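Geometric and topological summary
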Amino acid sequence: MLHAIVKAAVDVTAASGGWILARDSGRLTVRAAAGVDIDTAPLAGVSIDEGSGTSGFVIASGQPLALSARADDPRLSEGIAAHLGRRPSTVLCVACESGDNVVGALELIDKSGGATFSFDDVELATLLASIGAVALASGEQAQTAVVSPASLGNDLVRLADVDPARYAVVASAVGALLDRG
Amino acid sequence: MVRLDKAVSLDDLTPEWAWGGSTGAGVRVAVIDSGIDADHPDLHGCVDVDNGVMVALGDDDEPFETIGPHGDSFGHGTACAGIIHSLAPEARITSIKVLGEGLTGKAAAFLRGLGWAVEQGFDVVNLSLGTNRRDWALAFYEVCDQAYFRGSVVVTAANNVTRASFPSMYASVLSVACNLSTDPKRFHYNPEPPTEFLARGIDVDVAWLDHGRISSTGNSYAAPHISGMAALIRSKHPELRPFQVKAVLWATAANVREAQPAQAAGRLTNMIRPGTTSIRATTALRGLRPSL
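The paragraphs below set out a description of the structure included in this document. (Residues numbered from 1 in each chain as written. Chains lettered and ligands numbered in written order. Predicted model: local features only at pLDDT ≥ 70, side-chain atom pairs only at ≥ 80, totals over all residues. Heavy atoms only, no water.)

**Side note on the sheet that holds strand 4 (residues 92–97) of chain B**
All names here are of chain B. The 9 strands lie next to each other as 3-2-4-1-5-6-7-9-8, forming an open sheet whose pairing is mixed. Single-partner strands in this sheet number two, and they are strand 3 (63–67) and strand 8 (188–189). With 4 bridges connecting them, strand 1 (residues 28–33) and strand 5 (residues 124–127) associate as parallel partners. Bridge pairing links Val31 to Asn126 in strand 5. Across the sheet, helix 6 (residues 242–252) is in contact with strand 6 (153–157), strand 7 (174–179), strand 8 and strand 9 (197–200); its angle to strand 9 comes to roughly 65°. (Pairing = 2+ DSSP bridges. Helix = DSSP H or I, 4+ residues; strand = E, 2+ residues; numbered from the N terminus. Contact = heavy atoms within 4.5 Å. Axes fitted to C-alpha atoms, helices over the stretch in contact; angles between N-to-C directions.)

Right, here's the structure in full:
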């Protein structure tokens, strides 16, 4: 399930790769990764301090971030990306929130064509991260409240009402998740 | 008895009246974040380094402050300070560092930093962060009310997700999300609270670590744009209370001045905000126009 979520996030945002991190005892551990142009196999089980990298800041601040730097800028290479031996030029990271708790983060790197991640990408990633939070929380058998299917359904209905085109993108991603899950 | 001897008509609330000629002089702004790189060339020495505060947690998990110079653990606080400085160049900015090593997700440190800012009477407090911990909600509510009554304008970044984020849900603060503008002074009013204002937050070129810059997107960059505007307003009109500053921002918002539906501004994250019908349904704005 987590891999399907990451894959869907990579697909809908046109990222080159991404991963979902679980938060536990002050560490962030890669639970699933997927890439289009990136071999994410080296990330299996990689763990970092939860205060490091973009994901660490997003978890601490509660705010999603989309960052873009020059290709030779090393500042986005901290955290999980460092384990890929790669210098991302763009990073998008959103928190996975379950009830009152941040249980992890979804991080995506290097949007195709050198483009920057858009606000649409932030929203799409946020929606998928909320599904990922459910998977993370249930996987850990955590005693935390999770987003109900009805709540997610209502969000989708609202999106369909206000922006059918974006709804179509999200619906496609969720449909792919169901197929894979 | 309360005297209202300087009555201002709503028709007077133009951008020129509100901040024309203002530089932010005399205004103190607190940035509660990851710290500030005070030597960043974009900040031109606007940071009150000696009176900065770093909040840490003791062995008993109780927060305590250390006053003095400190750096930025991530770059985000420097980015927020740079935005505020670009709008209000003569405002003095103080860093209250609550994010960094050993402080991840510590609502106690965040609350203590906000409480310290309120105690010190900052004119504007920028919070480009929040917590979803409901067990801390009441404590944040009380501190934000204290800020309101003491005259501090608290500006917060809205959350992007369905879950509540504190203190951005409170009426005593100015909650801000992104609009689609590239003009740093062009902001919008959202008639569907709790997020009441929209400002620039997409592809913003901001100051960052290592004295460099970076392009970034997020509501956390929209908030300091409103903080900067609030600093300009408070500099020119120091007598205004927080609710009056909010009213001035409403009256000078682009969509209110131009009486256009806020849809033209962009959108709030309507796909994931429960209980709202989206920012598009704002024809009622015409009825809110100051001149009417």
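**Description of the environment of Ala133 of chain A**
Residues and elements named next belong to chain A. By the secondary structure assignment, Ala133 is in helix 3 (residues 119–139). The class of Ala133 is buried, set by a relative accessible area of 1%. Separated by 34 residues in the primary sequence, Ala133 and Gly99 have C-alpha atoms spaced 9.2 Å apart. In contact with Ala133, other than residues within four places in its own chain, are Cys96, Glu97, Ser98 and Val103. (Buried < 20%, exposed > 50% of the residue type's maximum accessible area, 1.4 Å probe, protein only.)

**Concerning the pattern of salt bridges**
Residues and elements named next belong to chain A. Evaluation of the coordinates by the stated rule reveals 11 salt bridges over all chains. Across the salt bridge formed by Arg23 and Glu50, the nearest N and O atoms sit 2.7 Å from each other. Note that Arg23 is positioned in strand 1 (residues 15–24) and Glu50 in the loop between strand 3 (47–49) and helix 2 (53–61), a separation of 27 residues in sequence. The salt bridge partner of Arg86 is Asp110, with a shortest N-O separation of 2.8 Å. Here the residue Arg86 occupies a position in the loop between strand 4 (65–68) and strand 5 (90–98), and Asp110 occupies one in strand 6 (residues 101–111), the gap between them amounting to 24 residues. (Salt bridge = Lys/Arg side-chain N within 4 Å of Asp/Glu carboxyl O.)

**Brief notes about the packing of aromatic side chains**
Here the distance between the centres and the angle between the planes together describe a pair of aromatic rings. Considering all chains together, one arrives at 9 aromatic pairs over all chains under this definition. Consider the rings of Trp116 of chain B and Phe122 of chain B, whose centres lie 6.1 Å apart with planes at 40°: the pair is tilted. Exposure remark for Phe122 of chain B: the relative accessible area of 2% places this residue in the buried category. Through a chain of ring-to-ring contacts, three or more aromatic side chains come together here, namely Phe57 of chain A together with Phe74 and Trp208 of chain B. (Phe/Tyr/Trp six-rings, centres within 6.5 Å; stacked < 30°, edge-to-face > 60°.)

**A short note on unusual backbone geometry**
Backbone phi values are negative for most residues with the exception of glycine, while trans is the configuration of most peptide bonds. With an omega of 10°, the peptide bond running from Phe166 of chain B to Pro167 of chain B counts as cis. By the element assignment, Pro167 of chain B lies in the loop between strand 6 and strand 7. Of the consecutive residues Pro193 of chain B and Pro194 of chain B, the connecting peptide bond is found in the cis state with omega at 20°. The topology assignment puts Pro194 of chain B in the loop between strand 8 and strand 9. For Asp110 of chain A, which is not glycine, the phi dihedral falls at a positive 50°.

**Overview of the pairing of strand 11 (residues 213–217) of chain B**
For strand 11 of chain B, the tally of buried residues reaches 4 of 5 residues, placing the bulk of the element in the interior. Pairing analysis gives 3 bridges linking strand 4 of chain A to strand 11 of chain B, with the strands arranged antiparallel. The residue of strand 11 of chain B that forms the bridge with Ala66 of chain A is Thr217 of chain B. One ladder, built from 4 bridges, connects strand 10 (residues 204–207) of chain B with strand 11 of chain B; its direction is antiparallel. Bridged to Val204 of chain B within strand 11 of chain B is Ser216 of chain B. Between strand 10 of chain B and strand 11 of chain B, which pair antiparallel in sequence order, lie 5 residues; one of them, Asp210 of chain B, sits at a positive phi of approximately 60°.

**Brief notes about the packing of helix 3 (residues 107–119) of chain B against helix 4 (residues 137–150) of chain B**
Residues and elements named next belong to chain B. In contact at an axis separation of 9 Å, helix 3 and helix 4 are set at 15° when each is read in the N-to-C sense. Between helix 3 and helix 4, the interaxial angle falls into the category roughly parallel. For the pair helix 3 and helix 4, the sense of crossing is left-handed. Residue-level inspection shows Ala107, Phe110, Leu111, Leu114, Gly115, Val118 and Glu119 of helix 3 in contact with helix 4, the latter providing Ala139, Phe140, Val143, Cys144, Gln146, Ala147 and Arg150. Here the contact of helix 3 with helix 4 is composed, by residue class, of 10 nonpolar, 2 polar and 2 charged. (Parallel < 35°, antiparallel > 145°, perpendicular 65-115°, else oblique. Left-handed = near helix turned anticlockwise from the far one by under 90°. Nonpolar A, V, L, I, M, F, W, Y, C, P; charged D, E, K, R; others polar.)

**A word on the packing of helix 2 (residues 76–87) of chain B against helix 5 (residues 219–236) of chain B**
Residues and elements named next belong to chain B. In contact at an axis separation of 8 Å, helix 2 and helix 5 are set at 35° when each is read in the N-to-C sense. Crossing geometry of helix 2 relative to helix 5 is assigned as right-handed. Along the contact surface, helix 2 presents His76, Ala79, Cys80, Ile83, Ile84 and Leu87, while helix 5 presents Ser220, Tyr221, Pro224, His225, Ser227, Gly228, Met229 and Leu232. A class-by-class count of the residues in the contact of helix 2 with helix 5 yields 9 nonpolar, 5 polar and no charged.

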